[in-house]
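Tertiary structure, described
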Amino acid sequence: GIKIWDVYTGKLLLNLVDHTEVVRDLTFAPDGSLILVSASRDKSLRVWDLKDDGNMMKVLRGHQNWVYSCAFSPDSSMLCSVGASKAVFLWNMDKYTMIRKLEGHHHDVVACDFSPDGALLATASYDTRVYIWDPHTGGILMEFGHLFPPPTPIFAGGANDRWVRSVSFSHDGLHVASLADDKMVRFWRIDEDYPVQVAPLSNGLCCAFSTDGSVLAAGTHDGSVYFWATPRQVPSLQHLCRMSIRRVMPTQEVQELPIPSKVVEFLSYRI
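Residues numbered from 1 in each chain as written. Predicted model: local features only at pLDDT ≥ 70, side-chain atom pairs only at ≥ 80, totals over all residues. Heavy atoms only, no water.

Description of the overall build of the protein
Defined as follows: Every helix listed is a DSSP run of H or I at least four residues long, and every strand listed is a run of E at least two residues long, numbered separately from the N terminus. We compute the radius of gyration from the C-alpha atoms alone; for a globule the expected value is 2.2 Å times N to the 0.38, where N is the number of residues. In this analysis, two residues are considered to be in contact whenever any of their non-hydrogen atoms come within 4.5 Å of each other.
Regarding its fold elements, the protein presents 3 helices and 21 strands. Rg of the C-alpha trace for the protein: 18 Å, near the compact-globule value of 18 Å for 271 residues, within the 12% margin. In terms of overall dimensions, the protein has C-alpha extents of about 50 × 45 × 40 Å along its principal axes. Expressed as a percentage of contacts within the protein between residues at least 6 apart in sequence, the contacts between residues at least 24 apart total 40%.

Below, the structure written as structure tokens:
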């Protein structure tokens, strides 16, 4: 079951009962609509409307196996869900239909996060990789490997001391944090294929940036939370312009703009 609480009073408001297995992740739509999505081992995602007494509006089916995690795009129009058997699915949250499956991982995918402008999607997998995708085209733009050389697909399920557990986009849209079973937290720039900083961390499970991006928090199996000051960087004006354009324009529209191809590549995060 899923319990909904009033944060200010500590009162239990609703008990949402419908999943038949463990619920692994919950995410609210960022647009304030009080739409909640839950991801479960029962291979489904459920969409709940908390304005309507927690009425269950929709079941999203398509996963053949456990669903581990889900994330809304910043404008709430898309949902990404990830799970066992290499699954990365994108859903249209206006129509509650599947947009596409993203093909590329070689093992269970356990975490996902959109960039703040919605132009990029990061996914973390037990195949020792974090991929940065273009959610509008389904293409892989970057690969952050946590094992060198990367395992070939046949052994991609092996090397389980390198499984990636969590990935999180920083609010500057330039950095990604990842946790892996090799006892490391890594801090990446989206335009460099090696970590710009690393820190030791055993038994890491999940990580999240503070609202202003200055602190990264990570939680571990043994119940501890660790905090790091993240490397600060002033984003370029070009990047800030790119983010403001990409907040309102999907890749297909960017590619039709009457501008030089180098600018199109920059706006599409291809350079």
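Regarding the pattern of salt bridges
What counts is decided by this rule: Throughout this description, the term salt bridge denotes a Lys or Arg side-chain nitrogen within 4 Å of a carboxyl oxygen of Asp or Glu. A simple rule labels every residue: compare its accessible area, found with a 1.4 Å probe on the protein chains alone, to the largest value its type can have, and call it buried under 20%, exposed over 50%, or partly exposed in between.
Enumeration over the complete set of coordinates arrives at 7 salt bridges. Note that D181 and R165 form a salt bridge whose closest N and O atoms lie 3.0 Å from each other. Remark: R165 occurs in strand 15 (residues 164-169) and D181 occurs in the loop between strand 16 (175-180) and strand 17 (184-189); sequence separation between them is 16 residues. D181 sits in the partly exposed class, given a relative accessible area of 22%.

Section: the UniProt feature "repeat: WD" (unreviewed entry) in the protein
In plain terms, the rule: UniProt positions are given in the numbering used here, feature names are shortened, and annotations may be inferred rather than shown by experiment.
The sites that UniProt annotates as "repeat: WD" (unreviewed entry) are residues 16-58, 60-101, 102-143, 164-198 and 208-228. Helix makes up 0% of residues 60-101 and strand 60%. Its end C-alpha atoms lie 13 Å apart. Regarding residues 102-143, the helix share stands at 0% and the strand share at 52%, and the terminal C-alpha atoms are separated by 14 Å.

Topic: the sheet that holds strand 20 (residues 215-220)
Strand pairing in a sheet relies on backbone hydrogen bonds. The paired strands run either parallel or antiparallel. How we decide: DSSP-based pairing: two strands are paired if at least 2 bridges between them are found. Under this scheme, a helix contributes an axis fitted over its contacting stretch, all axes are lines through C-alpha atoms, and angles between N-to-C directions fall in the 0 to 180 degree range.
Pairing is antiparallel in the open sheet, where 3 strands are placed in the order 19-20-21. Edge positions in the sheet fall to strand 19 (204-209) and strand 21 (225-229), since each has one partner strand and no second. Between one strand and the next, the sheet's axes are offset by a mean angle of 20°, whatever the strand orientation. Examined bridge by bridge, strand 19 and strand 20 share 5 bridges and lie antiparallel to one another. Considered in strand 20, the bridge of A208 is made with A217.

What to know about helix 1 (residues 237-246)
Definition in use: The directions considered for the arc are those from the helix axis to the C-beta atoms.
Every buried residue of helix 1 is accounted for by H239, R242, M243 and R246. Taken down its axis, helix 1 places every buried residue within 95° of arc, on the same side. Residues of helix 1 that are buried in the fold lie against helix 2 (251-255) and helix 3 (261-267).

Some thoughts on the UniProt feature "domain: SOCS box" (unreviewed entry) in the protein
What UniProt calls "domain: SOCS box" (unreviewed entry) maps, in this numbering, to residues 227-271. With 49% helix and 7% strand, residues 227-271 has its two end C-alpha atoms placed 31 Å apart.

Section: the pairing of strand 17
Side chains on a regular strand alternate between the two faces of the sheet. Here strand 17 lies mainly inside the structure; 5 of its 6 residues are buried. The loop that links strand 16 with its antiparallel partner strand 17 comprises 3 residues; one of these, K183, has a positive phi angle of about 65°. Alignment of strand 17 against strand 18 (residues 195-200), held across 5 bridges, turns out to be antiparallel. Its bridge partner being in strand 18, W188 is matched across the sheet by P195.

Topic: the environment of S166
Test applied: Polar contacts, as used here, are pairs of N or O atoms within 3.5 Å; protein pairs need one atom able to donate a hydrogen and one able to accept it. Residues neighboring in sequence count only if both atoms are side-chain atoms.
With respect to the element layout, S166 can be found in strand 15. For S166, a relative accessible area of 6% puts it in the buried group. Residues S166 and A84, 82 residues apart in the sequence, show an inter-C-alpha distance of 15 Å. Not counting chain neighbours up to four residues away, the residues in contact with S166 comprise A111, A124, A177, S178, L179, L205, C206 and C207. Looking at S166, its side chain comes within polar contact range of the main-chain nitrogen of C207, at 3.1 Å.

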